[in-house]
Amino acid sequence: VNLLYVVILGALMQAARSYAPSATLGAMPGGTILGAGYLLLSAYLVGSAFKLLGLPKLTGYLVTGILTGPEVLDLVSRRMLEDLTIFNGLATALIALTAGTELDWRALRPLMPSIRWIGLLGLGGTILILAAAILLFPALLPFTAGLTNIELLALSLPLALTLAAQSPAVVVALRKEVGADGPLTRTVLGVVVVAELTIVGGYTLSSSIAQTVFGGGKGWLEILGHLGIEIPGSLIVGVLAGMVIAAFLKLVRNEGALFILAAGFLIAEVGRRLGFDILLVALAAGLYIRNFTTLGHRLHDDVEAGSLPVFVTFFSVAGATLHLHALRSLIGPVVLFAAIRAAGYLVGGRIGARIADAPDSVRRFVGFGMLPQAGLALSIALVFLQQFPRFGEQAAALIFGVVSLNELVCPVLYRLALLRSGEAGRKPDDETEPSEAPETGAAGTLSPAASP
Amino acid sequence: VQSAPPFGYNRLLNKVPGSKLNSHRRLTAASSLGAVVLCAAAPENAAAAVSPPDMIRAVTGFVLLLALAYIAGHPRLVQAEHRLALNPLVTSGLVFVFLGTLASERNVGVLTDAPLAAISPVIPLGLGWIGFRTGLRFDHRLIGTPVSQAGIFLATILPIGFSLAGCMIGAWLVNPSAITDPLWVRDCLLIGLAGAMTSLPAIKILIGRWPRDFSRERLESFVKLEHVAGISGLMLMAIFFRPQGDVVGWRLPGNGWLLITLGSGCAMGLLAYALLRTSPKGPPFFIILLGVICMSAGMASFLRLSVLAVCFLSGAVVANMPGTFNEEVCAVLKRLERPVFLVLMLVAGAIWQPLDWHGWVLAGIFLISRICGKWTAMRFSSRFLPEELNAAERRALTLAPIGPFAIAVILSARDLYPGARTSWMLTAAISGAVISELLFQWFLRREEPAPAEVAA
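Just so we're clear, the structure is a prediction, and the values are computed from it rather than from any experiment.

S.K.: What exactly am I supposed to notice about the overall build of chain A here?
M.R.: Along chain A, the regular secondary structure elements total 20 helices and 0 strands. The buried share of chain A, reckoned over its 452 residues, is 64%. Of the roughly 15,800 Å² of accessible surface on chain A, 67% is carried by carbon and sulfur atoms.

S.K.: Explain the overall build of chain B here, please?
M.R.: Along its length, chain B carries 20 helices and 0 strands. Classification of the 456 residues of chain B by burial places 63% in the buried group. Expressed as a percentage of contacts within chain B between residues at least 6 apart in sequence, the contacts between residues at least 24 apart total 84%. In the form shown here, chain B has an accessible surface area of approximately 16,900 Å², with 65% of it arising from carbon and sulfur atoms.

S.K.: Whenever I open this one, helix 3 (residues 29–52) of chain A confuses me. Can you help?
M.R.: Owing to its 3.6 residues per turn, the α-helix aligns residues three or four sequence positions apart on the same side. In this model helix 3 of chain A runs 35 Å from its N-terminal to its C-terminal C-alpha over 24 residues, within 8% of the 34 Å that 1.5 Å per residue would give. Trailing helix 3 of chain A by a residue or two, G54 of chain A shows a phi angle of about 80 degrees, which is positive.

S.K.: Is there a simple way to explain helix 10 (residues 200–209) of chain B in this structure?
M.R.: Residue and element names in this part refer to chain B. Those residues of helix 10 not exposed but buried are L200, A202, I203, I205, L206 and I207. Its buried side turned inward, helix 10 meets helix 4 (75–83), helix 7 (122–137), helix 11 (216–240), helix 17 (391–399) and helix 19 (422–446). Where helix 10 begins, the capping side chain belongs to S199, and its oxygen is found 3.2 Å from the backbone nitrogen of A202.

S.K.: Just to check I follow, could you spell out the packing of helix 11 of chain B against helix 12 (residues 254–278) of chain B for this structure?
M.R.: Helix-helix packing: each pair is described by the crossing angle between the helix axes and the interaxial distance. Residue and element names in this part refer to chain B. Contact geometry for helix 11 and helix 12: axes closest at 9 Å, N-to-C directions at 135 degrees. In terms of their interaxial angle, helix 11 and helix 12 are classed as oblique. Two packed elements cross with a definite hand, and for helix 11 against helix 12 that hand is right-handed. Facing helix 11, whose interface residues are M235, L236, I239 and F240, helix 12 presents G254, W257, L258, T261 and L262. Taken together, the residues that form the contact of helix 11 with helix 12 break down as 7 nonpolar, 2 polar and no charged.

S.K.: Sorry if this is basic, but what is going on with the packing of aromatic side chains here?
M.R.: Geometrically, a pair of aromatic rings is defined through the distance of the ring centres and the angle of the planes. Summed over the entire model, instances satisfying the criterion amount to 11 aromatic pairs over all chains. Taking 6.3 Å as the distance between ring centres and 45 degrees as the angle between the ring planes, the aromatic pair formed by F365 of chain A and F368 of chain A counts as tilted. Highlighted residues: F365 of chain A and F368 of chain A, both in helix 18 (residues 360–369), separated by 3 residues, approximately one helical turn. Residue F365 of chain A is classed as buried on the basis of its relative accessible area, which comes to 7%. Measuring from ring centre to ring centre gives 4.9 Å for F384 of chain A and F388 of chain A, while their planes differ by 40 degrees; the resulting arrangement is tilted. This pair shows no difference in class: F384 of chain A is buried, exactly as F388 of chain A is. Taken together, the ring pairs connect F311, F314 and F315 of chain A into an aromatic cluster. Positioned over the ring face of W184 of chain B is R421 of chain B, at 4.1 Å from the centre of the ring. The ring centre of W424 of chain B lies 5.9 Å from the NZ or CZ of R421 of chain B, which sits over that ring.

S.K.: Looking at this structure, how should I read unusual backbone geometry?
M.R.: Residues other than glycine predominantly adopt negative phi, and peptide bonds predominantly adopt the trans conformation. The backbone of D74 of chain A shows a phi angle near 60 degrees, a positive value even though the residue is not glycine. Among the structural elements, D74 of chain A can be located in the loop between helix 4 (57–68) and helix 5 (78–84). Look at D74 of chain A and you get partly exposed, because its relative accessible area is 33%. A positive phi angle, near 60 degrees, is found at R304 of chain B, a position not held by glycine.

S.K.: Would you mind going over a nonpolar patch on the surface with me for this structure?
M.R.: Residues and elements named next belong to chain A. Where nonpolar side chains cluster on the molecular surface, the patch consists of I331, V335, L405, L408, V409, V412, L413, L416 and L419 and spans about 690 Å² of accessible area. Contributions of two or more residues to the nonpolar patch are made by helix 17 (331–355) and helix 20 (392–421). Ranked by the residues each element gives to the nonpolar patch, the list is headed by helix 20, at 7 residues. In this structure, L405 sits in helix 20. With relative accessibility at 33%, the residue L405 sits in the partly exposed group.

S.K.: Explain the confidence of the model for chain B here, please?
M.R.: One rule of thumb: low pLDDT means the predicted coordinates there are not for detailed reading. Residue and element names in this part refer to chain B. Scored by pLDDT, chain B has a mean of 77; 83% of the residues are at 70 or more. Per-residue pLDDT, averaged within each element of chain B, yields its smallest value for helix 1 (residues 8–14) (32) and its largest for helix 14 (residues 307–319) (92). Scored below 50 in pLDDT, residues 1–21 shows 47 contacts in the model against residues more than four places distant or in partner chains. Every residue in residues 451–456 is under pLDDT 50, and counting partners more than four places away or in other chains gives 3 contacts.

S.K.: Before we go on, may I ask you to explain the confidence of the model for chain A in this structure?
M.R.: Residue and element names in this part refer to chain A. Residues at a pLDDT of 70 or more form 89% of chain A, whose mean pLDDT is 81. Per-element confidence in chain A ranges from a low mean pLDDT of 50 for helix 2 (residues 23–26) to a high of 93 for helix 17. Low confidence marks residues 428–452, where pLDDT is under 50. Its contacts with residues over four positions away, or in another chain, come to 73 contacts.

S.K.: Quick question: what am I supposed to make of the pattern of salt bridges here?
M.R.: Any two side chains of opposite charge can pair, so long as their charged atoms come close to each other. For the coordinates displayed, the defined rule picks out 12 salt bridges over all chains. Between E71 of chain A and R78 of chain A there is a salt bridge, with its nearest N and O atoms 3.9 Å apart. Here E71 of chain A falls in the partly exposed class, since its relative accessible area comes to 24%. K374 of chain B is paired through a salt bridge with E226 of chain B; the nearest N and O atoms lie 2.9 Å apart. A residue pair is termed long-range when its members are at least 10 positions apart, and K374 of chain B in helix 16 (residues 357–384) and E226 of chain B in helix 11 qualify at 148 residues. Accessibility assignment for this pair places K374 of chain B and E226 of chain B in one class, buried.

S.K.: It is not clear to me how the packing of helix 11 of chain B against helix 18 (residues 404–416) of chain B should be interpreted in this structure. Could you clarify?
M.R.: All names here are of chain B. With their axes 12 Å apart at the nearest point, helix 11 and helix 18 run at an angle of 10 degrees to one another. For the element pair helix 11 / helix 18, the angle class is roughly parallel. Judged by residue contacts, H227, I231, L234 and A238 of helix 11 engage F405, V409, S412 and L416 from helix 18. Its residues assigned to classes, the contact of helix 11 with helix 18 comprises 6 nonpolar, 2 polar and no charged.

S.K.: I'm lost on the side chain of T162 of chain A in this one. Help?
M.R.: Residues and elements named next belong to chain A. Take T162: it is sitting in helix 9 (residues 149–164). For T162, the side chain forms a polar contact with the main-chain oxygen of P158, separated by 2.6 Å. If we ignore the near neighbours within four places in the chain, the residues touching T162 are Y203, Q373, I380, A381, F384 and I399.

S.K.: Just to check I follow, could you spell out the nonpolar core for this structure?
M.R.: One recurring pattern in soluble globular proteins is that nonpolar side chains are buried together. F337, F384 and F391 of chain A together with F132, M295, V329 and I407 of chain B are the most contacted members of the largest nonpolar core, which has 279 residues in total. Among the elements that line this core, the one with the most residues is helix 15 (residues 325–351) of chain B, at 17 residues. In contact with F337 of chain A, not counting residues within four places along its chain, are L130, A133, I134, L141, L163, L398 and V402 of chain A. Counting 23 residues, the second largest nonpolar core, distinct from the first, contains A155, I205, L397 and F443 of chain B.

S.K.: What am I meant to see in the side chain of T427 of chain B here?
M.R.: Residue and element names in this part refer to chain B. Along the chain, T427 falls in helix 19. Judged by relative accessible area, T427 falls into the buried class, the value being 0%. Ignoring sequence-local partners within four residues, the contact set of T427 consists of W352, Q353, G359, W360, A363 and G432.

S.K.: Explain the state of the cysteines to me, please; I cannot follow it from the model alone.
M.R.: Simply put, the disulfide is a covalent bond whose two ends are the sulfur atoms of two cysteines. Residue and element names in this part refer to chain B. Evaluated as defined, the whole model comprises 0 disulfides over all chains. Of all cysteine sulfurs in the structure, the one in C311 sits closest to C266, which takes part in no disulfide; the separation is 12 Å. With a relative accessible area of 30%, C266 lands in the partly exposed category.

S.K.: Can you walk me through the environment of E82 of chain A in this structure?
M.R.: Residues and elements named next belong to chain A. In this structure, E82 sits in helix 5. Among the residues examined, E82 registers a relative accessible area of 48% and is labelled partly exposed. Once the C-alpha coordinates of E82 and P309 are considered, the two residues, 227 residues apart in sequence, prove to be 18 Å apart.

S.K.: What's the story with the environment of S421 of chain A in this structure? I'm lost.
M.R.: All names here are of chain A. Examined against the element boundaries, S421 turns out to sit in helix 20. For S421, a relative accessible area of 14% translates into the label buried. Sequence-wise, S421 and P183 are 238 residues apart; in three dimensions their C-alpha atoms are separated by 9.9 Å. Residues contacting S421, with those up to four places away along its chain left out, are L184, S361 and F365.

Criteria and cut-off values
- Residues numbered from 1 in each chain as written.
- Chains lettered and ligands numbered in written order.
- Predicted model: local features only at pLDDT ≥ 70, side-chain atom pairs only at ≥ 80, totals over all residues.
- Heavy atoms only, no water.
- Helix = DSSP H or I, 4+ residues; strand = E, 2+ residues; numbered from the N terminus.
- Buried < 20%, exposed > 50% of the residue type's maximum accessible area, 1.4 Å probe, protein only.
- Areas by Shrake-Rupley, 256 points an atom, 1.4 Å probe, with all protein chains shown as cover.
- Contact = heavy atoms within 4.5 Å.
- Expected span 1.5 Å × (residues − 1).
- Polar contact = N/O pair within 3.5 Å; in protein donor to acceptor, adjacent residues only side chain to side chain.
- Axes fitted to C-alpha atoms, helices over the stretch in contact; angles between N-to-C directions.
- Parallel < 35°, antiparallel > 145°, perpendicular 65-115°, else oblique.
- Left-handed = near helix turned anticlockwise from the far one by under 90°.
- Nonpolar A, V, L, I, M, F, W, Y, C, P; charged D, E, K, R; others polar.
- Phe/Tyr/Trp six-rings, centres within 6.5 Å; stacked < 30°, edge-to-face > 60°.
- Lys NZ or Arg CZ within 6 Å of the ring centre and 35° of its normal.
- Patch = residues over 30% accessible without salt bridge, like charges linked within 9 Å, V, L, I, M, F, W, Y side chains within 5 Å.
- Salt bridge = Lys/Arg side-chain N within 4 Å of Asp/Glu carboxyl O.
- pLDDT = per-residue confidence, 0-100.
- Core = buried A, V, L, I, M, F, W, Y, C linked by side-chain atoms within 4.5 Å.
- Disulfide = S-S within 2.5 Å.

In structure tokens:
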């Protein structure tokens, strides 16, 4: 039935689009609202249909965007998409804010030996392998043509970090979905939340260096000065934003969701223009609220309450902006990089778990929990594309291709791993109420009950 | 005199106060809409035209103004306004108009030209919200109410006719060739249409104050049908004054556009009904509601149809179909109606040019035409349809102030015809609202107090 509604919506959209074949009319205010409304409805319906098939909702949103975008059906024009990219900043801030609330240091402390080794070898190893692959096979990546060795080196790290990004939300959602609990579930959760912080911090650092290298003519002192302002500045602003949000949540009981949206919008639009890193600012705000106040759960719930339309639009727009013709020529590299990434996580995670003397189930399956990608990966990908526009649609196709592949396949693999490990069904149903979330259609947070 | 709510729409409006809605769901709706409004504002588009510091100021200022609109729409403030018998258009509405005007000043730099162009998608979105909400108020049984179609016809057509005549005479005095210019005729018709609309909150104040003298059924039905007539007028205007040329793909006769307007509104309404009926409560429900309103409004604006009319039809279809979800839709829209209206008032304030003398000349003509039109309509009503309204009701309807709906009509003109003389119309409507409110307050104080008040 959902698909029938999608067809009706498509027919209405096609009819409306045929009225104004000229690009000028498509750019008027009605076009923006029409595109937003159409994408909201059809992506939501397709996402629900995907959920019924046991697939992630996010994949449904992306597929809707791809199908309705300018490269396939052209129901949503390029001009409409340009206007709708405004959702990117807000969605990125909200995703990072939610991600920050999932990092509860108190809960992670007992697992630190395992997390340290698995993170070091799994995450660190994968990033290095991906960077090495970029350096060794530049011929596979046409957008690197003409780069000097230094430039290629500068590019390899932020690109590797972008490709290596993981998804705590998918991990949390699957844990809830199958009611899993045990050493594997807890370790995976710890690893992905720490990896998230590492990747965001590492990306900010490496992308600043790369931007400076590509900017040309800047000395190391300038690079250090830039980094010295951007990273600590973003963290300080993030903590201040967290304080303001926490104070508001304490004072006002019921209006938190709207305030957080406004704060997210300000972080995205004002923070970016002031030269701060949106991801770091929002992540620091979320971290502060989770670890220094008792409002982490409320923040998470409030973000979830109001952010669904933003996420649905964000992911469908991300799908619609995917350059399929570029992806077609990069299908080989996409599969190759996805395979390298998977191998890195599976082997590195296994070795790290063995060194940390983790239980057998952790050794065998921890790598599968590090494979899924979703919202954060897409956010970093969009930041990458904003920061390095010179690499254009081919870089976008590579990154979105890898993320889409991992988003589609890896949650299924991790779900199987949880079932095979015997941890599925161990958790009581008290916190397995499914909810709407951007990443898989069921999300939550690392609750105290789940803490080791 | 009947005091019991007579129709289904009253069941929706009066028996389901917003407070009964789960507050989490209500806030989910608020924040969802807030997110879309923030993003619809699309400051990205203005970035090229505005320097980063100015853009930061514009974004921060706009977010603060939105927050202020949300706070001003709090049910307690609305209740306080109601207790003081004040028309929202001249209290919070005027404050936001002035805030908008202030924000558009170059020294303030929040809603200057580039940011204003960037937030233009907010206009169809807000109009769509108001249209959908008005449609939800519409019960098909209203058509068969004691208030006849003839009464409504008189109450809307005569003020429109008087305003049109007055404005055309004014235009002719300024420029004799204006009288044959279709654009002048179009703008004068729009002013007349705005001037014919009566404030529904004012009527509610009246009924609340003297429940024995005024029939809720008759007066509310009258004003609601008047709004329906106004929306129909806008629909017809959008059909007969259309952009032509190669930029549009369809060249249809007026009847064709009429069918398209009715078809798109009903199709979106049926789709909304089908989706909302089976949707789980919470975020999915609001996604669908928001999506339907956005798409209906966007489609109407994109096809150069009246956003208010198309969204009204969608809302009316949803309201008149069976199902219990209507109550949730109504409660959500009711809570957000005021903030949406205030955001539109901000935009109205930003495009308003109070120093333009043309608007003030027009304001005088507008007000006199409106009162003459209403007075004549009520005289005809007492002469030919004496059983419809009693003397006090006729007096109240003659002096009832202009409501927020008039501003929505004028902003529709901005959406439909970017070249229309919107600023003049706004001057006329705003000053008309203030003066008609003063007249209405005088009327309230002049009428005999209710027996209950005397006893107190």
